[in-house]
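Observations on the three-dimensional arrangement
Residues per chain, in single letters:
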Amino acid sequence: MVRSPAAGSRRTYRETGVRASGRTYRETGLRASWRTYRMVAGMWIRSTMAYRSSFVLTVVTSFCVTFFDFVVILLMFGQVRGLGGFSFAEVALLYGTAGTSFGIADLTMGSLQRMGKRVRDGSLDTFLMRPAPLLAQVAADKFALRRFGRVAQGLMVLVWGLFLLDVEWTPPKVLLLPVTVVCGAVIFGAVMVLGASTQFWMQDAAEVTNSFTYGGNTLLQYPPTIFAQELVRGVVYVVPLAFVSWLPALYVLGRPAPAGVPEWAAFASPLVAAACCGVAGLAWRAGIRSYRSTGS
């Protein structure tokens, strides 16, 4: 049976998510991105699960390696009663929220750190030739399920900290914690997309991005009171990583916000996450438009 050009065009539009109207385009584009991400990530997950013993060993190894970061805090509190005026349970809350958020972002978007290599060797052209959203393809490529060990470790410390905390729980505080973890993952993911976008121009800038992602995660695991006020202001007003953990956690703990930030800022994480996604999306589009193949 021969298809008409019009039918083929309609099918292509349906699959790639291209529409003339704005609302339909956004909805279809999101569905296309999710479908592409799910298919690519699922392929890599099936490949990983073909060797289940190896998978279990890598997850356990990832869990143990990241847990050593918390071991440092345990050893520290073996010698002191507090750190910057914060108890062990309070530091565990900071560590758990930041670690879980970063773990989710690293699991879902961690492959973006290879963007510079793809631009240098021209392998990005392979992704551009496929009728599917580029960001979803790149983010899901070589999906590493072993990174779930970092998520599990962060969750374990978070639950441990909540069990030890002596806090007067209210409905806003109870609701704020899961929202904080999800929005923190979105903020970290947006920073990863923004960093990947810069690699269209600076192909060797992956470590700069890591300083804001991996470095930011390490920074947020400790109380803001032990850092210089200039650094604290930087992660509030410049790169808003403070909304990942510090500001919401300080509200839960009943402590004042740093750097003169108003108390309501603890609930601003969804707005900050949306703004970060908007900036990252603009940077990604600008990077794609500026891309020139290697010609190889």
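Criteria and thresholds
Residues numbered from 1 in each chain as written. Predicted model: local features only at pLDDT ≥ 70, side-chain atom pairs only at ≥ 80, totals over all residues. Heavy atoms only, no water. Phe/Tyr/Trp six-rings, centres within 6.5 Å; stacked < 30°, edge-to-face > 60°. Helix = DSSP H or I, 4+ residues; strand = E, 2+ residues; numbered from the N terminus. Buried < 20%, exposed > 50% of the residue type's maximum accessible area, 1.4 Å probe, protein only. Expected span 1.5 Å × (residues − 1). Contact = heavy atoms within 4.5 Å. Salt bridge = Lys/Arg side-chain N within 4 Å of Asp/Glu carboxyl O. Axes fitted to C-alpha atoms, helices over the stretch in contact; angles between N-to-C directions. Parallel < 35°, antiparallel > 145°, perpendicular 65-115°, else oblique. Left-handed = near helix turned anticlockwise from the far one by under 90°. Nonpolar A, V, L, I, M, F, W, Y, C, P; charged D, E, K, R; others polar. Core = buried A, V, L, I, M, F, W, Y, C linked by side-chain atoms within 4.5 Å. pLDDT = per-residue confidence, 0-100.

Under the counting rule described, the total for this entry stands at 14 aromatic pairs. Centre to centre, the rings of Phe70 and Tyr95 are 5.0 Å apart; their planes meet at 55°, and the pair counts as tilted. Of this pair, Phe70 sits in helix H3 (residues 52-77) while Tyr95 sits in helix H4 (residues 88-109), and the two are 25 residues apart along the sequence. With respect to class, Phe70 is no different from Tyr95; both count as buried.

What follows concerns helix H8 (residues 148-164). The first and last C-alpha atoms of H8 sit 25 Å apart over 17 residues, in line with the 24 Å expected at 1.5 Å per residue. Among the residues making up H8, those that are buried are Gly149, Arg150, Val151, Gln153, Gly154, Val157, Leu158 and Gly161. The inward-facing, buried residues of H8 contact H3, H4, helix H9 (171-198) and helix H10 (206-220).

Opposite charge on two side chains permits them to pair, given that their charged atoms come into close proximity. Per the counting criterion, the structure on display carries five salt bridges. One salt bridge connects Glu90 with Arg255, and the closest N-O pair in it is separated by 3.0 Å. Here Glu90, found in helix H4, pairs with Arg255, found in the loop between helix H12 (246-253) and helix H13 (269-290); they are 165 residues apart in sequence, far enough to count as distant. Taking the relative accessible area as the measure of exposure, Arg255 reaches 28% and is therefore partly exposed. With a shortest N-O distance of 3.8 Å, Arg150 and Asp106 are connected by a salt bridge.

Further remarks concern the packing of H4 against H9. Following both chains from N to C, one finds H4 and H9 inclined at 45°, their axes separated by 8 Å at the closest point. By the angle class used here, H4 and H9 are oblique. With respect to the hand of their crossing, H4 and H9 are arranged in right-handed fashion. Every residue of H9 that contacts H4 at Leu93, Thr97, Ala98, Thr100, Ser101, Phe102, Ile104, Ala105, Asp106 and Met109 is listed here: Leu177, Thr180, Val181, Gly184, Ala185, Phe188, Gly189, Met192 and Val193. Of the residues belonging to the contact of H4 with H9, the class tally is twelve nonpolar, six polar and one charged.

It is at 7 Å that the axes of H3 and H8 come closest, and there the two elements cross at 40°. The angle between H3 and H8 falls in the class oblique. Classified by chirality, the crossing of H8 by H3 is right-handed. Across the interface between the two elements, Val59, Ser62, Phe63, Thr66, Phe67, Phe70 and Leu74 of H3 pack against Gly149, Arg150, Ala152, Gln153, Met156, Val157 and Trp160 of H8. For the contact of H3 with H8, the per-class residue count stands at nine nonpolar, four polar and one charged.

A few words on the nonpolar core. Membership of the largest hydrophobic core comes to 77 residues, with the highest contact counts inside it found for Leu93, Leu112, Met115, Leu124, Ile187, Leu241 and Trp246. Of all the elements, H4 adds the most residues to this core, at twelve residues. Excluding its chain neighbours within four sequence positions, the residues that come into contact with Leu241 are Ile187, Phe188, Val191, Phe212, Gly216, Leu220 and Val235.

The next subject is the environment of Gly216. Looking at where Gly216 falls in the secondary structure, it is placed in helix H10. A sequence separation of 114 residues divides Gly216 from Phe102, and the C-alpha atoms of the two residues are 9.2 Å apart. In contact with Gly216, other than residues within four places in its own chain, are Phe188, Ser211 and Leu241.

Here we come to the confidence of the model for the protein chain. In the predicted model, the protein chain carries a mean pLDDT of 85, and 89% of its residues have values of at least 70. Counting interchain partners and residues more than four positions distant, the pLDDT-below-50 stretch residues 1-27 has 18 contacts.

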